[in-house]
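Residue-level listing of the chains:
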Amino acid sequence: RAGVTLIQVVVHVVHQNGAQNIDDAQVASQIEALNRDYRKTNTDVSGVPAVWQALAADCDIEFQLATTDPSGAPTNGITRTQTATASFGTDDAVKSTATGGQDPWPTDRYLNLWSCELGGGLLGYAQFPGGPAATDGVVILHSAFGTSGTATAPFDMGRTATHEVGHWLNLFHIWGDDGTACNGTDFVADTPNQGGPNFGKPNFPRVTCNNAPDGDMFMNYMDYVDDAAMFMFTEGQLARMNATLDGPRASFLS
Ligand code: ARG
Ligand code: ZN
Ligand code: CA
């Protein structure tokens with residue numbers, strides 16, 4: 001992959017009218033947030049501890065609401081679907097018109113984002129590369145979507161999508177998904193081994209798994225901290241994303 005990769009995005013707003021029917025400006029604010037984080041134009045990157053500053057990556061990935069729909073017609077890149085479902089879960093029902101959601105646009109050409117109500121405190125979920133085309137993409141709770149409208153603190157900086165698109169590009173959680181043990185890995189060499197997820201706004205350093213003196217890289221987008229507390233991908237994570245865009249998601253290279 002050379003230069004900047006531009007990803008076409010379609011946002012499926014699945015709603016019961018009212019607040020769930022987020023406006024076009026809130027959708028646009030999510031695209032802006034993705035561009036900010038994936039191009040490292042986020043000003044809060046200055047909060048990365050000095051010891052890790054050199055690892056903070058400009059991922060050279062940009063996002064744009066699709067201007068052409070699958071049939072070749074002009075579009076604003078947003079679909080709107082009224083649903084009878086009060087709240088969705090992780091069963092992918094939101095990704096199918098037959099189950100109260102909206103079918104994806106071709107997943108080899110469009111990054112499909114669904115905005116909807118989610119239950120159980122879930123902020124979002126993603127499908128990794130290599131899964132079924134019919135369910136490929138990212139689902140985000142409407143009140144964690146974008147930076148305006150219904151977006152609600154502490155998840156109102158668009159970073160649920162930053163995190164979930166990280167999964168879509170094959171990044172694992174930074175603690176290695178082993179509960180709170182110290183034997184899991186994210187398969188990234190430049191992220192410290194860490195015990196479990198961090199939440200809220202941790203103080204640096206937070207030491208687990210014998211990772212003193214610098215401790216957990218809790219300000220990484222692939223941890224579980226508040227939006228305002230996460231502000232970096234590493235060069236090692238970028239290498240995995242590059243491998244994805246040169247491999248299972250190469251259809252997105254223009
Ligand atoms: N899949 C995670 C969840 O639903 C997303 C965490 C996103 N974190 C954030 N600060 N936005 O909990
Ligand atoms: Zn995650
Ligand atoms: Ca690691």
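Our structure is the block above this text.
An account of the accompanying structure is given in this report.

So, how was this worked out
Residues numbered from 1 in each chain as written. Chains lettered and ligands numbered in written order. Predicted model: local features only at pLDDT ≥ 70, side-chain atom pairs only at ≥ 80, totals over all residues. Heavy atoms only, no water. Buried < 20%, exposed > 50% of the residue type's maximum accessible area, 1.4 Å probe, protein only. Helix = DSSP H or I, 4+ residues; strand = E, 2+ residues; numbered from the N terminus. Contact = heavy atoms within 4.5 Å. Salt bridge = Lys/Arg side-chain N within 4 Å of Asp/Glu carboxyl O. Near = heavy atom within 4 Å. Polar contact = N/O pair within 3.5 Å; in protein donor to acceptor, adjacent residues only side chain to side chain. Nonpolar A, V, L, I, M, F, W, Y, C, P; charged D, E, K, R; others polar.

Restricting attention to buried positions, one finds in helix H3 (residues 235–245) the residues Gly236, Gln237, Leu238, Arg240, Met241, Thr244 and Leu245. Each element contacted by the buried residues of H3 is listed here: strand S1 (5–15), helix H1 (24–38), strand S2 (61–65) and helix H2 (159–168).

Turning next to the pattern of salt bridges. Two side chains of opposite charge can pair, provided their charged atoms sit close to one another. A full pass over the atoms with the stated rule returns ten salt bridges. For Arg159, the salt bridge is made with Asp44, and the minimal N-O distance between the two is 2.7 Å. Taken together, the residues span a long stretch of sequence, with Arg159 in helix H2 and Asp44 in the loop between H1 and S2 at a distance of 115 residues. For Asp136, the salt bridge is made with Arg249, and the minimal N-O distance between the two is 2.7 Å. Pair noted here: Asp136 is in the loop between strand S5 (124–126) and strand S6 (138–141) and Arg249 is in the segment after H3, with a separation of 113 residues, a long-range link. Judged by its relative accessible area of 6%, Asp136 is buried.

So, on to the site of ligand 1. Taken together, the residues surrounding ligand 1 are Leu122, Leu123, Gly124, Phe155, Arg159, Thr160, Glu164, Tyr224, Val225, Asp226, Asp227 and Met230. Between Glu164 and ligand 1, the recorded distance is 2.7 Å, taken from a side-chain N or O atom to a nitrogen atom. Separating a nitrogen atom of ligand 1 from a side-chain N or O atom of Asp227 is a distance of 2.7 Å. It is H2 that contributes the most residues to the shell around ligand 1, three residues altogether. Considering only residue class, the shell around ligand 1 consists of six nonpolar, two polar and four charged.

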